[in-house]
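One letter stands for each residue in the lines below.
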Amino acid sequence: MTTSTVDAPAPAGNAPALFQWSVFPLVLGLALYAAWRLMDGGMQPALAVLWCQGAAALAIIIAERIYPYHTLWLRSHGDVRVDATHTVGIGIITALASPLAVAGGALVAGWLSNAFGSSLWPVQWVLPAQIFLALLIGEFPGYWVHRWQHAWDGLWRFHAVHHSAPRLYWLNAGRFHPVDILSTYVPTYLLLVALGCSTEVLAYFGMITAIHGLFQHSNMQLRLGPLNWIFSMAELHRWHHSKTLREANTNFGQTISVWDWVFGTRYLPKDLEPPREIGIADLPDFPVGWWAHIAAPFRWRRVKGESAGS
């Protein structure tokens, strides 16, 4: 990744301020409330989360069409099929990995409980406080893995699949190589379960990260203001997809931005707009198909060589 120029945004029309400031907290808040009501009524957490995530995704898809951030990003770049395949594949992989991560975490939780005489998780806290704590603790390993993915070529070759996206829109929130997603998913869930986090809190944690990820990559006009110090939302994440190295190596938070400002990697300039052209400057000929994405890390020298000749 090398230096690129900064382009001005090209919205199709200015969204009302009320929409820009309320769309994220409103959609997320309603999804959380609906999930709480469904679970309180006896529905299994996984099913309640699935229904609410689906409704939130539909709202985001519609909002992108009405108030896009860039009109250019509304049009397919030949990426819809590959992004859809990645999203389905990641859903299957995380569903299969979840029982293993939970089982491993439960074993560690039992050992910790015996060592300390009780669970380390503050089960007496109110539910919102437990959910925020899960986000704070769960993001810590994810932050560092993500940061290492940009620093170490052995991990970057997998993470490059995500950064090869030619535009940002809701569906490429799922554009990840399986090795990439597992390297953050497993440590996060293993840690939370090991500390004694309940199934209910894990369900809310998973739903928030999923909905936030859709918003984070969305082609939508939105503003968070002070909430950008808590959430690693689109205003921050667009810089992370910049072709400019010093801009892309910032904002590593996947859901919250707390660890970015703690460790000095938060980047949100007030006088500049994120670049319109995104991707990997050093890899302009990065493979485009799903199978090619899966194979790319294992033929990395050839992938880099093909771009070097461009």
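None of these values were measured; they are calculated from a predicted model. All residue numbers refer to position in the chain's written sequence, counted from 1. Restriction of local features to residues with pLDDT of at least 70 applies here, the model being predicted, together with a cutoff of 80 or more for giving and counting side-chain atom pairs; totals for whole chains, interfaces and linings are based on all residues. Calculated side-chain values reflect all of the structure's heavy atoms, with hydrogen atoms and water omitted.

So, the overall build of the protein
Move 1: When its secondary structure is counted, the protein shows twelve helices and zero strands.
Move 2: Of the regular secondary structure in the protein, the N- to C-terminal order runs α-α-α-α-α-α-α-α-α-α-α-α.
Move 3: Each residue's exposure class comes from its accessible area (1.4 Å probe, protein chains only) as a fraction of the maximum for that residue type: buried when under 20%, exposed when over 50%, partly exposed otherwise. Counting over 310 residues, the protein shows a buried share of 48%.
Move 4: By definition, residues are in contact when any of their heavy atoms lie within 4.5 Å. In the protein, 75% of the contacts between residues at least 6 apart in sequence involve partners at least 24 apart.
Move 5: Accessible surface is estimated by sampling points in the Shrake-Rupley manner with a 1.4 Å probe; for residues, cover comes only from the protein chains shown. Looking at the protein as shown, the accessible area adds up to about 14500 Å², and 67% of this sits on carbon and sulfur atoms. Secondary structure elements follow DSSP: runs of H or I no shorter than four residues count as helices, runs of E no shorter than two count as strands, and numbering proceeds from the N terminus.

Considerations on helix α6 (residues 178-194)
Move 1: Each helix should span, by expectation, one fewer than its residue count multiplied by 1.5 Å. Over its 17 residues, α6 extends 23 Å from the first C-alpha to the last, a length consistent with the 24 Å expected when each residue adds 1.5 Å.
Move 2: Inspection of α6 places P178, D180, I181, T184, Y185, T188, Y189, L192, V193 and A194 among the buried residues, and these make up the whole buried set.
Move 3: Within two residues after α6, G196 carries a phi angle of roughly 100°, on the positive side.

Considering the packing of aromatic side chains
Move 1: By convention, a stacked pair of Phe, Tyr or Trp rings (six-membered ring in the case of Trp) has centres within 6.5 Å and planes under 30 degrees apart, an edge-to-face pair has planes over 60 apart, and any other such pair is tilted. Taken as a whole and assessed by the stated rule, the structure comprises 19 aromatic pairs.
Move 2: Ring geometry for F158 and F298: centres 5.7 Å apart, planes at 80°, overall edge-to-face. Here F158, found in helix α5 (residues 153-163), pairs with F298, found in the loop between α11 (290-295) and α12 (300-308); they are 140 residues apart in sequence, far enough to count as distant.
Move 3: With a relative accessible area of 12%, F158 lands in the buried category.
Move 4: Exposure remark for F298: the relative accessible area of 63% places this residue in the exposed category.
Move 5: Geometrically, a charge over a ring is one whose NZ (Lys) or CZ (Arg) sits within 6 Å of the ring centre while staying within 35 degrees of the ring normal. The ring of Y169 carries R167 above its face, with NZ or CZ at 3.7 Å from the centroid.
Move 6: The positively charged end of R266 is found above the aromatic ring belonging to W229, 3.6 Å away from the centroid.

Notes on the side chain of D180
Move 1: As for its position among the elements, D180 is in helix α6.
Move 2: There is no salt bridge for the buried D180, and the closest opposite charge comes from R175, which lies 10 Å off by N-O distance.
Move 3: Residue contacts for D180: discarding those within four places in its chain leaves Q149, F158 and H159. Only four residue types enter the tally: Lys and Arg on the positive side, Asp and Glu on the negative side, with His and both chain ends excluded. A pair is scored as a salt bridge if a Lys or Arg side-chain nitrogen falls within 4 Å of a carboxyl oxygen belonging to Asp or Glu.

Some points on the layout of surface pockets
Move 1: As defined here, a cavity is a set of points on a 1 Å grid over the protein atoms alone where a 1.4 Å probe fits but cannot get out. A pocket is an open set with protein on both sides within 12 Å along at least five of seven lines, and residues line them when an atom is within 4 Å of a point. Grid points are joined across faces, edges and corners, and a volume is the space filled by probe spheres set on the points. Taken as a whole, the second largest pocket holds about 550 Å³ of empty space.
Move 2: If you go around the second largest pocket, you meet 22 residues; those closest to its centre are L222, R223, E235, L268 and E273.
Move 3: Top element by residues in the lining of the second largest pocket is helix α8 (residues 234-240). It accounts for three residues.
Move 4: All amino acids are sorted into three groups, where Ala, Val, Leu, Ile, Met, Phe, Trp, Tyr, Cys and Pro are nonpolar, Asp, Glu, Lys and Arg are charged, and the leftover types, Gly among them, are polar. Across the lining of the second largest pocket, the residue classes tally to eleven nonpolar, five polar and six charged.

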